[in-house]
Amino acid sequence: MTDLDTRVARPHAPLLRRAAPALLGYAAVRALGLLVLVVWSAARGKSAYTVLTARWDSLWYTRVAELGYGYQVRLPNGDVHSNLAFFPLLPWLERLGHAVTPLSYADAGFVVSLLASLAAAAGIFAVADRVYGPRVGVCAVLLWAVLPVGVVQSMAYSESLFTALAAWSLYAVLTGRWLSAGTLAALAGLTRPVGMAVVAAVWTAAVVSFVRERGTRHTPGAHHDAHTLDAHSAPRTPTPGAPSHEPGRTPGAHPDTHPPAPGAPAPGARVSSGAPAPAPSASVVPRAPVWRRALGMLIAPLGAAGYVLWVGHRTGRGPLGYLDVQAGWRNGFDGGYAFARFVGDKFTSFPSALAGLGLIVGVALLIWLYVTGVRGRQPVALLVYTGVVLALALCASSYFGSKPRLLMPAFPVLLPLAGALARLRVPRSALVVAGLAAAAAVYGAFWLNGSGPP
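Each value, and the rule that gives it
- Residues numbered from 1 in each chain as written.
- Predicted model: local features only at pLDDT ≥ 70, side-chain atom pairs only at ≥ 80, totals over all residues.
- Heavy atoms only, no water.
- Buried < 20%, exposed > 50% of the residue type's maximum accessible area, 1.4 Å probe, protein only.
- Helix = DSSP H or I, 4+ residues; strand = E, 2+ residues; numbered from the N terminus.
- Patch = residues over 30% accessible without salt bridge, like charges linked within 9 Å, V, L, I, M, F, W, Y side chains within 5 Å.
- Areas by Shrake-Rupley, 256 points an atom, 1.4 Å probe, with all protein chains shown as cover.
- Salt bridge = Lys/Arg side-chain N within 4 Å of Asp/Glu carboxyl O.
- Core = buried A, V, L, I, M, F, W, Y, C linked by side-chain atoms within 4.5 Å.
- Contact = heavy atoms within 4.5 Å.
- pLDDT = per-residue confidence, 0-100.
- Phe/Tyr/Trp six-rings, centres within 6.5 Å; stacked < 30°, edge-to-face > 60°.
- Lys NZ or Arg CZ within 6 Å of the ring centre and 35° of its normal.
- Lys, Arg positive; Asp, Glu negative; His and termini not counted.

Q: Looking at this structure, how should I read unusual backbone geometry?
A: Trans is the prevailing form of peptide bonds, just as negative phi is the prevailing case for residues other than glycine. Even without a glycine there, the phi angle at Arg330 is positive, about 60°. Given a relative accessible area of 53%, Arg330 falls into the exposed group. For Arg377, which is not a glycine, the phi torsion comes out positive at approximately 60°. Within the fold, Arg377 resides in the loop between α14 (350-375) and α15 (380-394).

Written out as structure tokens, the structure is:
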């Protein structure tokens, strides 16, 4: 039984078994990245493990785990860096790991990050497999692994933990498990400020399901029995090289038969050719009870709201106290004005102009990929989540060197690229991934041994 309290047809293979190739590929990419980092750091007389566990934000998380909240640093310019800016779930897990094992707080943070990165990879596969099929799922995981700043996935940072919680919450939404979706969204809200993106996705998908249910109920001739379908998806174009049919299954249909995804395109809807079309669901299942959806919506914001209100109480500034803490770090939301000025300043000299051009191309690529997802009729939960993550990362006045890793949780933007990669023959797609993995490994080692992530 799921949160839908319905019977669902048994998939042809368990999800984790289908995800095995993706997880093995992900582990290989990350192992290559860590190996190159070890060699590069040793050549510079540094410890790769120290770089991963005891620099930048890793130190702040470790200090929270060991000493709790209340530590702050006042800079010569008057800025106050308080550890209240760091959400508590990762430090709690570090403290737990230290309490039940011989690991130090930093060691526990590294282990949590490694395990969370695998959970994130599995969650990304689950989402992509649910919407587009297993080949796109594998490719999506590999593309997430070979991001230029993918080495952060192996650091004692909160990006991997947050992405894991976000991906599985989105998967729970897509499969109608509203209580699980709300609980995971609440945990994501205890991990990073961008947890509000997961909350927005859960709320939007739930509202869409309510509206559709109400519309179906009032449509003349609509079915009112327990097996009424939500509008789900358009036919999927079979991936080249994939089997065209299986006994007892409609050709081109997705092998897994889950409940339909709220906010996905209606059957027969036209889908832009620039993105893979969502796979159809063969299930006919009752709707989720209203109380489950409502309770999932109620649970989802509790994590982020609880921590923000606690910080406001601790600082004595009320609900705006957390914003004051972020202001001490010069973090805020200005609609992208500061980022635009930062990019514009790059064009004051020729060498830096190339960097400015690269930033413009990168932002344009992100926008194009997001628009491609919109035109491809991705489920509304994915679109809302991705849109909020992109907006918070690109339109915040935070330190600009951190933006690439802040964008890392926006994995649904990779789905159009994953669809294109899945359409290649296996040897060619493997060659592309290998080349990107090598480049990412070298860049990650160079990056962490230089200025590194803030």
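Once you've had a look at it, read on.
Q: Would you mind showing me how to read a nonpolar patch on the surface here?
A: A surface patch of nonpolar side chains, about 360 Å² in accessible area, is lined by Phe347, Leu357, Ile360 and Val361. If you trace the backbone, Ile360 turns up in helix α14.

Q: What am I meant to see in the nonpolar core here?
A: Soluble, globular proteins show a tendency: their nonpolar side chains are buried together. Membership of the largest hydrophobic core comes to 106 residues, with the highest contact counts inside it found for Trp144, Leu170, Tyr307, Tyr385, Phe411 and Leu448. Sorting elements by how many residues they give to this core places helix α5 (residues 105-132) first, with 12 residues. Among residues more than four places away in sequence, those in contact with Trp144 are Tyr26, Ser117, Ala120, Ala121, Ile124, Gln153, Thr163, Met408, Phe411 and Leu414.

Q: Help me out: how do you make sense of the confidence of the model for the chain in this one?
A: Low pLDDT marks stretches whose predicted atomic positions should not be read closely. Chain-level pLDDT for the chain is 84 on average; 82% of the residues reach the 70-or-more range. The least confident element of the chain is helix α13 (residues 337-345), whose mean pLDDT is 84; the most confident is helix α4 (residues 89-100), at 98. Of the regions scoring below 50 in pLDDT, residues 222-273 engages in 149 contacts with residues more than four places distant in sequence or in other chains. This stretch, residues 281-286, has a pLDDT under 50; its non-local contacts, to residues over four places away or in other chains, come to 27 contacts.

Q: Looking at this model, I keep getting lost on the packing of aromatic side chains. Mind explaining?
A: To describe a pair of aromatic rings, one takes the distance between the centres and the angle between the planes. A complete count under the given rule lists 17 aromatic pairs for this structure. Feature note: the residues Trp60, Tyr61, Tyr71, Phe86 and Trp329 constitute an aromatic cluster, connected by ring pairs. Here the guanidinium or amino end of Arg63 rests over the ring plane of Trp60, the centre of that ring lying 5.9 Å away. Over the ring of Tyr71 we find Arg63, and its NZ or CZ is 4.2 Å from the ring centre.

Q: Explain the side chain of Arg30 to me, please; I cannot follow it from the model alone.
A: Looking at where Arg30 falls in the secondary structure, it is placed in helix α1 (residues 15-43). No salt bridge is formed by the buried Arg30; the nearest opposite charge belongs to Glu159, separated by 12 Å.

Q: How should I be thinking about the pattern of salt bridges in this particular structure?
A: Where charged atoms from two side chains of opposite charge come close, those side chains can pair. For the structure on display, the rule yields 7 salt bridges. One salt bridge in this structure joins Arg18 and Asp129, with 2.7 Å as the shortest N-O distance. Separated by 111 residues along the polypeptide, Arg18 in helix α1 and Asp129 in helix α5 bring together distant segments of the chain. Take Asp129: its relative accessible area is 1%, and that puts it in the buried class. Arg293 is the partner of Glu213 in a salt bridge, and the nearest nitrogen-oxygen pair spans 2.7 Å. Of this pair, Glu213 sits in helix α9 (residues 195-217) while Arg293 is found in helix α10 (residues 290-299), placing the two residues 80 residues apart along the sequence. The pair Glu213 / Arg293 is uniform in exposure class, with both members buried.

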